[in-house]
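Structure at a glance
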Amino acid sequence: MPGYNKAIVIENWDKKHNKEEINRLLVKLSSNNNISMIRVNENYDDNGNTKFLAQYNLKETFKFNQLPFSREKKYQLIEPDNKILDKLNLVGTTFFIKDELPNEFYKVLKRIWCNNYRL
């Protein structure tokens, strides 16, 4: 992802919190800490031919464009509150970030996923 040099990958999920709760928390954390994150998911109903891109931290004015990174894939930009995110897999989801995350962010991730994420 151009301009995003780091990533968080969700490797496991204990399902103590549902997808909507986790998504709301990530939106809140990214906004409160002024962190730009791009969530990338494969489409759940077209054999992975479409990738969904959701931008977290709606305070930021940066908008990535929809030009495909790969001609074999279609890309759909969605808001982080789009209900389609509830249908997409959480395990395997990649969150691209620009800068190092603050300690508070890591503490929340550890509490939710019990260290089942990879940087």
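Everything numeric here is computed off the predicted structure, so don't read it as measured data.

Moving on, we come to the pattern of salt bridges. Inspection of every chain in the model, using the stated rule, returns three salt bridges. Among the ionic pairs, Glu-20 bridges to Arg-24, the shortest N-O distance being 3.0 Å. Of this pair, Glu-20 and Arg-24 both sit in helix H1 (residues 19-32), four residues apart, which is roughly one turn of that helix. Overall, the relative accessible area of 32% leaves Glu-20 in the partly exposed class. When its relative accessible area of 49% is taken as the criterion, Arg-24 is described as partly exposed. Across the salt bridge formed by Lys-83 and Glu-20, the nearest N and O atoms sit 3.4 Å from each other.

This next bit is on the packing of aromatic side chains. Considering all chains together, one arrives at one aromatic pair under this definition. Look at Tyr-56 and Phe-95: their rings are 5.7 Å apart centre to centre, the planes differ by 75 degrees, and that puts the pair in the edge-to-face class. A residue pair is termed long-range when its members are at least 10 positions apart, and Tyr-56 in strand E3 (residues 50-56) and Phe-95 in strand E5 (residues 94-97) qualify at 39 residues. Classification of Tyr-56 as buried rests on a relative accessible area of 0%. Phe-95 gets classed as buried once you look at its relative accessible area, which sits at 2%.

Cut-offs applied
Residues numbered from 1 in each chain as written. Predicted model: local features only at pLDDT ≥ 70, side-chain atom pairs only at ≥ 80, totals over all residues. Heavy atoms only, no water. Salt bridge = Lys/Arg side-chain N within 4 Å of Asp/Glu carboxyl O. Helix = DSSP H or I, 4+ residues; strand = E, 2+ residues; numbered from the N terminus. Buried < 20%, exposed > 50% of the residue type's maximum accessible area, 1.4 Å probe, protein only. Phe/Tyr/Trp six-rings, centres within 6.5 Å; stacked < 30°, edge-to-face > 60°.

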